[in-house]
Amino acid sequence: MSVERPNILFLMCDQLQGAVLEAGHPCHTPNLDRLIERGVRISRGYSPNAVCSPARASLMTGLLPHSHGMLFVHHCQDRDLARLRPEKRHWAQELQRAGYTTGYFGKWHVEHDESPARFGWQVDGSMAGGLYRQEVLATPRTADVHYSLERRCDAPPGYREHVFHGANNVPTAERSMGLTTNLASRFLDSVMGKDGKPWCCFVSVPEPHDPFICHEDSLARYDIDALPLPASCRDPMSDKPGLYRKLARQWEHLTDRDVREAAACYYASITEIDGCFGRLLEQVEAAGELENTIVVLTSDHGELLGAHGLYCKNVGAFEEVYHIPMVLAGPGIAAGRVAKARVGLHDLCPTLLELTGCAAIDTGGESRSFAPLLRDPLGSAGEFQGGYAEYSGGRYMTSQRILWQHPWKFVHNGFDFDELYNLEDDPHEMSNLAEEPAWQPQLQAMYGELWKIVARTGDRALLNTHYPAQRFAAYGPDSTVA
C-alpha cells in the first residue's frame, strides 16, 4: 500500500539499557536484532532526564524539562506541580493536523491527567483509560501464582519489603506488556489497509522496569552463573558524590550470584518484550505496510542493574541510566548501520516531524532533527557528538546537569562535588577527574559550555545562582574560557 506520508510504529520501553542492543550482549532479542538489520542503531542515544515523566514529556515536546515544566515523576507530586505547560505542543498534535490516525497504548506517565487524548492521540489505550481496563477484565488470570525464584528488598529497616526480582508462572499475555500489545494489535487491524490514511501507533510497555519479574520459562533461557558482572559492580565510589555511596548501602549485601540473578530476570523480561514487539512487526509486515512504516524503538531512560553497586535510576548520572536504545527503520532510513552518534530522546520530536513532512514545532533549539544522520549514518555522525541532560530529583530534590562532548562527560552536581569522565579512556566511569588539578582546564571548558546552554535555554534557576549561598559551581555563570 502506498500513501503520501509514512506510518509510524513507535515501540517504547521503560528503563531499558541501551547496552542491551549492542553486539555480543547476552540478552536474547531476535526480533529487535532483525529490526536493527533493517535500519539504523544509534550507539549513543541518551535520555534528557533520569526518570519517566520528565523524559517522556521531553520526547513529546522536544523540550528540556525546565522548559516544558515536568521536572519530576508526576505521581509523587501535587497536581499543580505535575503539569505540562499548556502552550507547549506535542508532535502527535502535528500528526493529527496532517491527517494521521493516532493511537496510544500502555504506559503514559507524562503528566498528572494521564490523558493522551489531550495531546493528539485519538485512540486512548493508556493504562489509566477505559480500553485498557476492559482488556484487563476480559483477560483470564492465573489463579495460583507461584514464584520459582524470588528475591526481596528489605533494607534499611523501617522500609516496606517488596519483591525486587523473580520468576513466576504468569504468562506474558497477562502481564502489562501483553495487554498493551493486544490493544495495539487491534488498533493496527482497524487502520491498516482501510482508507489510505497514514497512522501512528505508539506502544508503551511498562517493562522491564523494576521489580524485574519474568516468566520462569523465559528465565530458563539464561545461564545465570555465566552472565558477566558489571565492570563497575564493586566500585567503592570513593571519588563519587556521597549521596551515591549512601544509596548503595541498601545493596551492599548482594552476592555476585544475587547480581547475576537480577540481571537474568531483567534480561528475561526484555526477551518477553521482544516477542511482543515482534508480533506487531510481523502484523504490519503481513499487511504489506512495513516498507512504508517508520519503526522507532527506544526507552525513556536506562537501568543501573548493579553498576557501581546501584540499581534503578534517579541518583547516579552514570551511562547505564542515561544511555538508551535508539533504533529507527523505514522509508528514507539507511539499513544495517550503526551510527556512532549522540542524540537525545527529545530529538525524536523534530526528527519524526521532518520524516513525515509535518509542520515543525518550535523547540527553541533545545532539540534538533537527526534525519540527516538516518539518511547518511556514516557521513553525518560527526555532527552529533554532543548532548545535554538535566535532573531535579523527585521526593528528594537535587540538581544535576550533564554535558557530553565526545569523549568527555561532565556532571554538575548542585548537592555535592562534580564529576568529569573521559568515556573513551574510562567507559565504566571508574575515575572521576573533576578534582584532579591536571584536569581543571578541561573542567573549566565544560563549565563554559554548560553556562552557554543554561543561558540559551532559559534555565533561570541555575543562571541566577550568584547569591553566596548558591555558589556550588567551581566556575560561575559569568565564567569566560580562554
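Anything mentioned here points back to the structure above.
Residues numbered from 1 in each chain as written. Predicted model: local features only at pLDDT ≥ 70, side-chain atom pairs only at ≥ 80, totals over all residues. Heavy atoms only, no water.

*Asks:* Give me the packing of helix α5 (residues 130–138) against helix α6 (residues 176–191): which residues, what numbers.
*Replies:* The interhelical angle for the contact between α5 and α6, taken along N-to-C directions, is 115 degrees, at an axis separation of 10 Å. With respect to the hand of their crossing, α5 and α6 are arranged in right-handed fashion. Counting all contacts with α5, which are made through Leu131, Tyr132, Glu135 and Val136, the residues of α6 involved are Ser176, Leu179, Thr180, Asn182, Leu183 and Arg186. Classifying every residue of the contact of α5 with α6 by side-chain character gives five nonpolar, three polar and two charged. (Axes fitted to C-alpha atoms, helices over the stretch in contact; angles between N-to-C directions. Helix = DSSP H or I, 4+ residues; strand = E, 2+ residues; numbered from the N terminus. Left-handed = near helix turned anticlockwise from the far one by under 90°. Contact = heavy atoms within 4.5 Å. Nonpolar A, V, L, I, M, F, W, Y, C, P; charged D, E, K, R; others polar.)

*Asks:* Outline empty space enclosed by the protein, listing residues and values.
*Replies:* Within this structure, the stated rule accounts for one cavity of 30 Å³ or more. The computed volume of the largest cavity comes to approximately 30 Å³. Lining the largest cavity are Leu243, Tyr244, Asn314, Val315, Gly316, Tyr391, Thr398, Gln400 and Phe415. Of all the elements in the fold, those that place two or more residues in the lining of the largest cavity are α8 (242–248) and β13 (397–405). (1 Å grid on protein atoms, 1.4 Å probe; cavity = no way out; pocket = protein on both sides within 12 Å on 5 of 7 lines; lining within 4 Å. Points joined across faces, edges and corners; volume = space filled by probe spheres on them.)

*Asks:* Break down the sheet that holds strand β15 (residues 419–422) for me, with residues and values.
*Replies:* Spatial ordering of the open sheet is given by β12-β13-β14-β15, a layout of four strands whose pairing is antiparallel. The strands lining the two open edges of the sheet, one partner per strand, are β12 (386–393) and β15. Mean inter-strand twist for the sheet, computed between neighbouring axes without regard to direction, equals 10 degrees. Of the strand pairs in this sheet, β12 and β13 are connected by seven bridges, and their pairing is antiparallel. Paired with Gly386 across the strands is Gln405, a residue of β13. The sheet strands contacting helix α14 (residues 440–456) are β12, β13, β14 (408–413) and β15, and the helix crosses β14 at an angle near 70 degrees. (Pairing = 2+ DSSP bridges.)

Honestly, it's all geometry; don't read function into it.
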